[in-house]
Amino acid sequence: MSSNADLVALARRHLYPNYKPAPVAFVRGRGCELFDADGRRYLDLSAGIAVCSVGHAHPVHARAIAEQAASLMHVSNYFYNEPNIRLAGELCRRTGFDRAFFCNSGTEANEAALKLARHHFFARGEVERVRVVAFDNGFHGRTLGALAMTGTLKYREGFGPMGPVTHVRYGDAAAVERAMGPDVCAIIVEPLQGEGGIVAAPDGFLSALRAIADAHGALLIVDEVQTGVGRLGTFLAIQGPGQPRADVVTLAKGLGGGFPIGAMLTTERLAGALPPGTHGSTFGGNALACASVLAVLAILDDEGLVDGARTKGEALGQMLDALVRDVPGVCEGTRGRGLLRGLVLRPGFVARDVLVRLQDSRVLLTAAGERVLRFAPALVVTPAELEEGVRTLRASLSQLVPAAATA
Ligand code: PLP
């Protein structure tokens, strides 16, 4: 077997350099543990950026994928396949939506939602309704439609021109109202901005968006690519008391637990918006991907992982609050819900620098913006693993205190 150094050298020669990975090549995992090619163990509290919802190599998940692969992987959307049909029913049952469209990623799910919004109005003769209202620091993906809706200039720069999108301040319902007009087909919003720094929507904001969308005849698209599939303690973030109903919800990341799949869920009213021939995906909803999701959903139920995300998330939040009290020179505060939590560093500290130090201590987190460390562990994470991660982070941050004093 190749060593870590051999693999990294080969990667640096041949992989397209649009990423800047750490010099670590993983070869296997189990739960929240990852092992590199030299056999070193890492504690993974990032879950592949909120993806591996049931942990690495969950035996039930792995067996379901293997059994489906040995039976039927793909037939194309010219035909039905059983896991796809069952999954559409399962997702609708869990969410109250009526229709599911499957694709392969979050960006594709949002692209589908954008096309659906435009085509819905096109079919009604309202051809001028093409503009979207979206939010500063929102993230919706990297294809050109999803990118246009993404609210961070650095991601969009150099890729224009893009479709018409107006970005306004997240949480500012009055700004949304001002941005509306007869040309707006949809408002797109994350219930909690993930990439934008783990920022939850203020109370009442999503309901205000619902009311504004209704008043202007536009659709409300809720991007739950990062927040959905139980991560915040309910299956969707917009489920539960006081939450508005969306016209469209998009999912990906945790849905397949590591197997690439995205979904767009819609109400029955929108079932005619994309008639046959208007949108599609060769791989979207294939039997293997859908079987993977069905296994994830069964594991979430059998192991009580959605409720667990709430209780373990609260415990994690308390541990992070304590960390802020213990290392006040470095930490500014905490944010988040369920098992999507952010530790905000004080100005002058850079999240990515902290991540590199943590990697040396064999704990994996990701950054969410410049100064936020993101905890998005697998929902199977144990309290002991969360404690181990926070303990290691505390040691790492404590070493930065003298730097803070001299800053
Ligand atoms: N939407 C949100 C809220 C996301 O967090 C992301 C990815 O981080 C995406 C969309 C894009 O998903 P993908 O990378 O699967 O295309």
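So, how was this worked out
- Residues numbered from 1 in each chain as written.
- Predicted model: local features only at pLDDT ≥ 70, side-chain atom pairs only at ≥ 80, totals over all residues.
- Heavy atoms only, no water.
- 1 Å grid on protein atoms, 1.4 Å probe; cavity = no way out; pocket = protein on both sides within 12 Å on 5 of 7 lines; lining within 4 Å.
- Points joined across faces, edges and corners; volume = space filled by probe spheres on them.
- Nonpolar A, V, L, I, M, F, W, Y, C, P; charged D, E, K, R; others polar.
- Domains from an automatic or database assignment.
- Near = heavy atom within 4 Å.
- Polar contact = N/O pair within 3.5 Å; in protein donor to acceptor, adjacent residues only side chain to side chain.
- Helix = DSSP H or I, 4+ residues; strand = E, 2+ residues; numbered from the N terminus.
- Pairing = 2+ DSSP bridges.
- Contact = heavy atoms within 4.5 Å.
- Salt bridge = Lys/Arg side-chain N within 4 Å of Asp/Glu carboxyl O.
- Axes fitted to C-alpha atoms, helices over the stretch in contact; angles between N-to-C directions.
- Core = buried A, V, L, I, M, F, W, Y, C linked by side-chain atoms within 4.5 Å.
- Buried < 20%, exposed > 50% of the residue type's maximum accessible area, 1.4 Å probe, protein only.

Caption draft 1: Highlighting empty space enclosed by the protein. Under the definition given, this model contains one cavity of 30 Å³ or more. There is about 40 Å³ of room inside the largest cavity. If you go around the largest cavity, the residues you meet are A50, S53, V225, Q226, G228, V229, R231, K253, G254 and L379. Per-class residue counts for the lining of the largest cavity are four nonpolar, four polar and two charged. Each of domain 1 (45-54 + 304-406) and domain 2 (61-302) gives at least three residues to the lining of the largest cavity.

Caption draft 2: The site of the ligand, seen in detail. Neighbouring residues of the ligand: 13 residues in total, closest G106, T107, D223, Q226 and K253. Here a nitrogen atom of the ligand and a backbone polar atom of F139 are 3.2 Å apart. Between the ligand and K253 there is a distance of 3.3 Å, counted from an oxygen atom to a side-chain nitrogen or oxygen. Broken down by element, the residue count for the shell around the ligand peaks at three residues, all from helix α5 (residues 106-123). Within the shell around the ligand, the residues separate by chemical class into two nonpolar, seven polar and four charged.

Caption draft 3: Region of the structure containing the sheet that holds strand β3 (residues 41-44). Across the sheet, four strands lie side by side as β1-β2-β3-β15; this open sheet has mixed pairing. On the outer flanks of this sheet lie β1 (26-30) and β15 (363-364), each paired with one strand and no other. Pairing geometry for β1 and strand β2 (residues 33-36), over four bridges, is antiparallel. Looking at β2, one finds that F26 is bridged to D36.

Caption draft 4: Representation of the domain arrangement of the chain in the model. The domain boundaries assigned to the chain delineate domain 1 (45-54 + 304-406) and domain 2 (61-302). For domain 1 versus domain 2, the distance between C-alpha centres works out to 27 Å. Tallying the contact residues gives 28 residues for domain 1 and 26 residues for domain 2. Across the contact surface, domain 1 and domain 2 share one salt bridge. Notably, a salt bridge pairs R374 with E195, separated by 2.7 Å at the nearest N-O pair. If you look at where domain 1 meets domain 2, you find 13 residue pairs in polar contact (both at pLDDT 80 or more). Only α2 (47-50), α11 (305-326), β13 (331-337), β14 (340-345) and β17 (372-375) provide two or more residues apiece to the side of domain 1 that touches domain 2. Among the elements that line the side of domain 1 that touches domain 2, the one with the most residues is α11, at four residues. Classifying every residue of the side of domain 1 that touches domain 2 by side-chain character gives 17 nonpolar, six polar and five charged.

Caption draft 5: Broad picture of the sheet that holds strand β7 (residues 184-189). Strand order across the open sheet formed by seven strands is β4-β12-β11-β10-β7-β5-β6, with mixed pairing between neighbours. Both edges of this open sheet fall to β4 (99-103) and β6 (165-168), since each of them pairs with a single strand only. With strand direction ignored, the average angle separating the axes of adjacent strands in the sheet is 20°. Pairing between strand β11 (residues 248-251) and strand β12 (residues 262-266): four bridges, direction antiparallel. Among the inter-strand pairings, V248 is bridged to a residue of β12, identified as T266. Contacting β4, β5 (131-135), β7, β10 (219-223), β11 and β12, α5 runs over the sheet at an angle of about 175° to β10. In the packing of helix α9 (residues 205-216) onto the sheet, the strands contacted are β5, β7 and β10, and the crossing angle to β7 comes to about 175°.

Caption draft 6: Structural context of the nonpolar core. Core analysis: the largest hydrophobic core is formed by 84 residues, its most contacted members being I187, L300, L393 and L397. Here this core spans two domains, since at least three of its residues come from each of domain 1 (45-54 + 304-406) and domain 2 (61-302). For L397, the residues in contact, after removing those within four places along its chain, are L323, V327, V330, C331, L343, L345 and V354. Membership of the second largest hydrophobic core comes to 18 residues, among which are A112, A113, F121 and M264.

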